[in-house]
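Each chain, letter by letter, is given below.
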Amino acid sequence: VFEPANEREGIISHTISFDIINDSVYGYWAPAFDIIFLNNQSAIGIQRIQTEAMRPGDKKHIELKSFASQLRVTDVQIVPRIDIFNQTEYIPPGE
């Protein structure tokens, strides 16, 4: 969801909010994601975020703020940046 800044209402930054759901069978200690901001299917920006641990089925609500003028975001693309070959990124089962 994109909420534009509105200085008349005291909202000084744009807000981009969305949910990330771990629908895999694996848990991750501190997964990173590239968030690609889109405006009418054109990439207009990118931001890397890292969340706290995510276990299977976990859902995280993310809110990003921006002071960029003229920003318009119609969609976001979320790209996981998890090294599947690095065992230290996984939460061991039962932990």
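What counts, and where the lines are drawn
Residue positions within a chain follow its written sequence, with the count starting from 1. For this predicted model, a pLDDT threshold of at least 70 governs which residues receive local features, and a threshold of 80 or more governs which side-chain atom pairs are given and counted, while totals over whole chains, interfaces and linings are taken from all residues. Remark: hydrogens and water are excluded; side-chain values derive from all non-hydrogen atoms of the structure. Criterion for a salt bridge: a side-chain nitrogen of Lys or Arg within 4 Å of a carboxyl oxygen of Asp or Glu. Helix and strand definitions here come from DSSP, where helices need a minimum of 4 consecutive H or I residues and strands a minimum of 2 consecutive E residues; each element is numbered from the N-terminal end. Each residue is assigned to one of three classes by its accessible area relative to the maximum for its type, calculated with a 1.4 Å probe on protein chains only: buried under 20%, partly exposed between the two thresholds, exposed over 50%. The contact definition used throughout considers only heavy atoms, calling two residues in contact when any of these lie within 4.5 Å. Pairs of strands are assigned from DSSP output, requiring at least two bridges between the strands.

### Some points on the pattern of salt bridges
When their charged atoms lie close together, side chains carrying opposite charge are able to pair.
Logical step 1: The full count for this structure, using the stated rule, is 4 salt bridges.
Logical step 2: Put simply, Asp 19 and Lys 59 hold a salt bridge, and the shortest N to O gap is 3.6 Å. Of the two residues, Asp 19 sits in strand β2 (residues 14-21) while Lys 59 sits in strand β6 (residues 59-66), which places them 40 residues apart along the sequence.
Logical step 3: Asp 19 gets classed as partly exposed once you look at its relative accessible area, which sits at 36%.
Logical step 4: Between Arg 48 and Asp 34 there is a salt bridge, with its nearest N and O atoms 2.7 Å apart. You can see Arg 48 sitting in strand β5 (residues 42-50) and its partner Asp 34 sitting in strand β4 (residues 32-39), a full 14 residues away along the chain.
Logical step 5: A residue is classified by how much of its surface remains accessible, and Asp 34, at 10% relative accessible area, is buried.

### Some remarks on the environment of Ile 62
Logical step 1: Mapped onto the fold, Ile 62 is located in strand β6.
Logical step 2: Judged by its relative accessible area of 11%, Ile 62 is buried.
Logical step 3: In contact with Ile 62, other than residues within four places in its own chain, are Ile 16, Ser 17, Phe 18, Ile 20, Ile 49 and Thr 51.

### Examining the sheet that holds β2
Logical step 1: Strand order in the open sheet formed by 3 strands is β1-β2-β6, with antiparallel pairing between adjacent strands. Unpaired on one side and paired on the other, β1 (2-3) and β6 mark the two borders of the sheet.
Logical step 2: Relative to β2, β1 runs antiparallel, the two sharing 2 bridges. Pairing of Phe 2 across the sheet is with Ile 16, part of β2.

### Some thoughts on the pairing of β4
Logical step 1: Of all 8 residues in β4, 7 are buried, a share of seventy percent or more.
Logical step 2: In this structure, β4 lies alongside β5, joined through 8 bridges in antiparallel fashion. When the bridges of β5 are listed, Asp 34 appears paired with Arg 48.
Logical step 3: Count of turn residues in the β4/β5 antiparallel hairpin: 2 residues, of which Asn 40 carries a positive phi of about 55°.

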